[in-house]
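Now for the letters of each chain:
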Amino acid sequence: MAKYQHDIVVPYSDSLLSKKEQVAGMFNDIAYRYDFLNRFLSAGIDVTWRKKALHQLETLSPSRILDVATGTGDVAIMALKKFPEAHITGIDISQGMLELGRKKVSQAGFQNSIDLLNEDIEAINFKNDSFDAVTVAFGVRNFEHLEKGLAQIYRVLRPGGRVVILEFSKPSAPVIKSFYNFYMKTVTPFMGRLFSKNGCAYEYLDESIRAFPEGKNFIQILEKSGFLKPQFKTLSFGICSIYCAEK
């Protein structure tokens, strides 16, 4: 399988651990501030992005949804509110994020409809064709091997099912691009150090976004992975993109 530039971008360049291990450790470190910083750094617009991503599943009305890189369970909880008859399974490699997610699920009274499991995207412990839909919000950049992760998503998605991927992208309009570059290179790492004591995590955020094969390039990778009818649209002046495809 092909190796992509973002596959080798890691949070801690001086570490001998694999990308997967580094990412898990990084999210364990920042878990307690993750939700706060998401809302703060995006001025709350990340919530709107997630809702727009889930809107792509409305015509499907899925009853079984897999949320990959579920983190603290934001998308899983939103998905259940949108599709109250569904069962949601969220998977993540960070135990720290999952622990917080389980608390949120329990507080919402959704523990009978949402399971949050410690799983590796490259070896998902579910049978073929298990899910009607798969969602990934800001997680594909963190895959150690992009094509392996997509192959697993394809495997567990049923024929006719849909994958919806929400991921950061880079704006192209000059004024927006200049502000974005300053914000991501200077403001975001500073706020990360201030509130989570881990500036490396937010430097990694910027580096992994820059290395990710976005837009038409990612569409080609989805096609290569076997997905049908891949398409994408940008949000918020190109800061974020929604990718949809079917099996």
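Predicted model, so just to flag it, every value in this text is computed and none were measured.

(A) Spatial organisation of helix α3 (residues 74-82). Counting buried positions along α3 yields seven of nine residues, so the element is predominantly enclosed. All of the buried residues along α3 are Asp 74, Val 75, Ala 76, Ile 77, Met 78, Ala 79 and Leu 80.

(B) Highlighting the pattern of salt bridges. On inspection of all chains with the given rule, the structure shows 15 salt bridges. Across the salt bridge formed by Lys 20 and Glu 122, the nearest N and O atoms sit 3.6 Å from each other. Linking Lys 20 in helix α1 (residues 19-41) with Glu 122 in the loop between β3 (114-118) and β4 (131-137), this pair joins segments that are 102 residues apart in sequence. Residue classification places Glu 122 among the buried positions, given a relative accessible area of 18%. The partner of Lys 82 in a salt bridge is Glu 58, and the shortest N-O contact between them spans 2.6 Å. Of this pair, Lys 82 sits in helix α3 while Glu 58 is found in the loop between α2 (45-55) and β1 (64-68), placing the two residues 24 residues apart along the sequence. Residue classification places Lys 82 among the partly exposed residues on the basis of a relative accessible area of 32%.

(C) Structural view of the sheet that holds strand β2 (residues 87-92). With mixed pairing, the seven strands of this open sheet are ordered in space as β3-β2-β1-β4-β5-β7-β6. At either end of the open sheet lies a strand with only one pairing partner, and these are β3 and β6 (228-235). Ignoring which end each strand starts from, the neighbouring axes of this sheet average 15° apart. Docked against the sheet, α3 engages β1, β2, β3 and β4, running at close to 160° with respect to β3. Docked against the sheet, helix α5 (residues 146-156) engages β1, β4 and β5 (157-168), running at close to 145° with respect to β5.

(D) Representation of the pairing of β6. Note that β6 and strand β7 (residues 240-246) share six bridges and pair antiparallel. Paired with Leu 235 across the strands is Cys 240, a residue of β7. Between β6 and the antiparallel strand that follows it, β7, lie four residues; Ser 236 among them carries a positive phi value of about 50°.

(E) Structural detail: the packing of α5 against helix α8 (residues 216-224). Between α5 and α8, whose axes approach to 10 Å, the crossing angle comes to 55°. Taken as axis vectors, α5 and α8 run oblique relative to one another. Where α5 crosses over α8, the handedness of that crossing is right-handed. Each of Leu 146, Glu 147 and Leu 150 in α5 lies in contact with α8, whose residues at this interface are Phe 218, Ile 221, Leu 222 and Lys 224.

(F) View of the environment of Pro 189. Relative to the elements of secondary structure, Pro 189 occurs in helix α6 (residues 174-196). On the basis of relative accessibility, which here comes to 3%, the residue Pro 189 falls in the buried class. Taking the C-alpha atoms as reference, Pro 189 lies 32 Å from Asp 115; in sequence the two are 74 residues apart.

Rules used throughout
Residues numbered from 1 in each chain as written. Predicted model: local features only at pLDDT ≥ 70, side-chain atom pairs only at ≥ 80, totals over all residues. Heavy atoms only, no water. Buried < 20%, exposed > 50% of the residue type's maximum accessible area, 1.4 Å probe, protein only. Helix = DSSP H or I, 4+ residues; strand = E, 2+ residues; numbered from the N terminus. Salt bridge = Lys/Arg side-chain N within 4 Å of Asp/Glu carboxyl O. Pairing = 2+ DSSP bridges. Axes fitted to C-alpha atoms, helices over the stretch in contact; angles between N-to-C directions. Contact = heavy atoms within 4.5 Å. Parallel < 35°, antiparallel > 145°, perpendicular 65-115°, else oblique. Left-handed = near helix turned anticlockwise from the far one by under 90°.

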